[in-house]
Structures are given as C-alpha cells and as structure tokens.
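A closer look at the structure
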Amino acid sequence: MISPGMIPDRSPPRWEDDVLRIGKITVGALDEWSLNSGSVTSWHPTAAAAEKARRAPVSSVPVSYMQYQHLRNYCDRTTAGLNFSRQIIASCDVAGQCDISAMDHAVNAYLRRHDTFRSWFEHAGDGEFVRHAISDPAVIEFAPIDHGHMTADEIRAHVVDIPNPLEWGCFTFGIIQ
C-alpha cells in the first residue's frame, strides 16, 4: 500500500531565486546554496581505488563533446589565471538521521553503476584529451569520512576542495546532519 507521503513529487522543474527545484532537490551554484552548519560526513576514494584509477588504461571511447568543452574551458581558464566554477551542487533536505552504512552502500553502488565515474582524463598537450577508464567497476570504492561539526563557510570550502577535472575522484557526495 502506498501512502500519500510515499508518492513522488511529479511537479515540473521550476526556477526559484536563481536555483532550479526538481521535486525536493535543489540544483544551483555554490554561492546560491543555502545550508546550515552541522556534522559533516563526505565520501572520498580509498587509496586502493585511487591507485587502480591512476593505473587505468587508455580507453578506446573518445572524450564526448560535453566533456571536451568542460576540460578545455578548465585548462584555458586555469592557464589564464582565472577561476573556473566546475561544480553543480544538488542538495535536498531529508528529515531524520542518515544511516551511514546504508548511505555508504548507496554511494558505492551508484558510482559503480555509472560508467562516467570510471573515467579520468589526461591533457595530451595538443588541445586534445585522452580518456582513461577503470575496466572493473568493482574496484571503485569510496569511504565515508567524519569531519565533525563544520560551519556553513567551512562546508563550502570543503566542497570545493576536490581534485581538478583532470583527476579521478573530482566529484563528491556528503551529508550534513
């Protein structure tokens, strides 16, 4: 039996105050992210997974148009000494306490399921990029790290302190409780 609270929000995406709302998920830029301080746990690659990624062979799958544009813009702006906003923040508020073990399982299952998380890119120096890909998704493992209580400013700083787009693991997942 499905109760009214279990029915997913099927309302169309809408813009509110320069952020996109899709059901209970808010998508926007980092400086538009409204958050409170709290206890932070974030997921990062284990040393073994990072080493497997570093040794991933060159893939026969070419870099997509969108990936190429993102990587080229990052390299061009970095070379010019300019900042490059490369993150999209997607967040939602959920009542209750997060079960870290269950979330750990969900994050790793998600990462292993989507092949985009198996890739990292190398700048070939001629304006081109080479894709490296982890062949066995089972080697992808992110582990939760408890960072303790953080202020909103500390959380923002933590979120942007990830590897650059030419490194594997340049994405993050986390919770604030």
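Residues numbered from 1 in each chain as written. Predicted model: local features only at pLDDT ≥ 70, side-chain atom pairs only at ≥ 80, totals over all residues. Heavy atoms only, no water.

With respect to the pairing of strand β6 (residues 119–123)
In the sheet, β6 pairs with strand β7 (residues 129–133) via five bridges, with the strands oriented antiparallel. By the bridge assignment, F121 is partnered in β7 with R131. Connecting β6 to the next strand, β7, in antiparallel fashion are five residues, including G125 with a positive phi near 85°. (Pairing = 2+ DSSP bridges. Helix = DSSP H or I, 4+ residues; strand = E, 2+ residues; numbered from the N terminus.)

A short note on the pattern of salt bridges
Under the counting rule described, the total for this entry stands at two salt bridges. A salt bridge links R55 to E51; its shortest N-O distance comes to 3.3 Å. By relative accessible area, which is 53% here, R55 ends up exposed. In this structure, a network of salt bridges that share partners links the residues E51, R54 and R55. (Salt bridge = Lys/Arg side-chain N within 4 Å of Asp/Glu carboxyl O. Buried < 20%, exposed > 50% of the residue type's maximum accessible area, 1.4 Å probe, protein only.)

Some points on the layout of surface pockets
Space left empty within the atom packing is revealed by a probe, the size of a water molecule, rolled over the atoms. The calculated volume of the second largest pocket comes to roughly 180 Å³. Together, A29, L30, D31, N83, F84, S85, R86, Q87 and V160 line the second largest pocket. (1 Å grid on protein atoms, 1.4 Å probe; cavity = no way out; pocket = protein on both sides within 12 Å on 5 of 7 lines; lining within 4 Å. Points joined across faces, edges and corners; volume = space filled by probe spheres on them.)

Some points on the packing of aromatic side chains
Counting across every chain of the model gives eight aromatic pairs. Consider the rings of Y110 and F117, whose centres lie 5.5 Å apart with planes at 55°: the pair is tilted. With relative accessibility at 35%, the residue Y110 sits in the partly exposed group. Ring geometry for F142 versus W168: centroids 5.7 Å apart, planes at 85°, classification edge-to-face. Of this pair, F142 sits in strand β8 (residues 142–150) while W168 is found in the loop between α4 (152–160) and β9 (173–176), placing the two residues 26 residues apart along the sequence. The class of F142 is buried, set by a relative accessible area of 1%. (Phe/Tyr/Trp six-rings, centres within 6.5 Å; stacked < 30°, edge-to-face > 60°.)

Quick look at the environment of M103
Here M103 shows up in helix α3 (residues 100–113). A relative accessible area of 26% means that M103 is categorised as partly exposed. Contact partners of M103, with chain neighbours within four places excluded, come to W43, C98 and I175. (Contact = heavy atoms within 4.5 Å.)

Some remarks on the environment of C75
Summarising the element assignment, C75 is placed in helix α2 (residues 65–79). The class for C75 is buried, based on a relative accessible area of 13%. In this structure, the C-alpha to C-alpha distance between C75 and H123, residues 48 residues apart in sequence, is 8.6 Å. Contact partners of C75, with chain neighbours within four places excluded, come to H123, F129 and L166.

Focus: the confidence of the model for the protein
Detailed reading of the predicted coordinates is not advisable wherever pLDDT is low. Confidence in the prediction of the protein, expressed as mean pLDDT, is 85, and 88% of residues score 70 or more. Put simply, strand β1 (residues 14–16) is where the protein has its lowest mean pLDDT, 58, and β8 is where it has its highest, 97. In the predicted structure, residues 1–8 sits below a pLDDT of 50 and forms two contacts with residues beyond four places in sequence or in another chain. (pLDDT = per-residue confidence, 0-100.)

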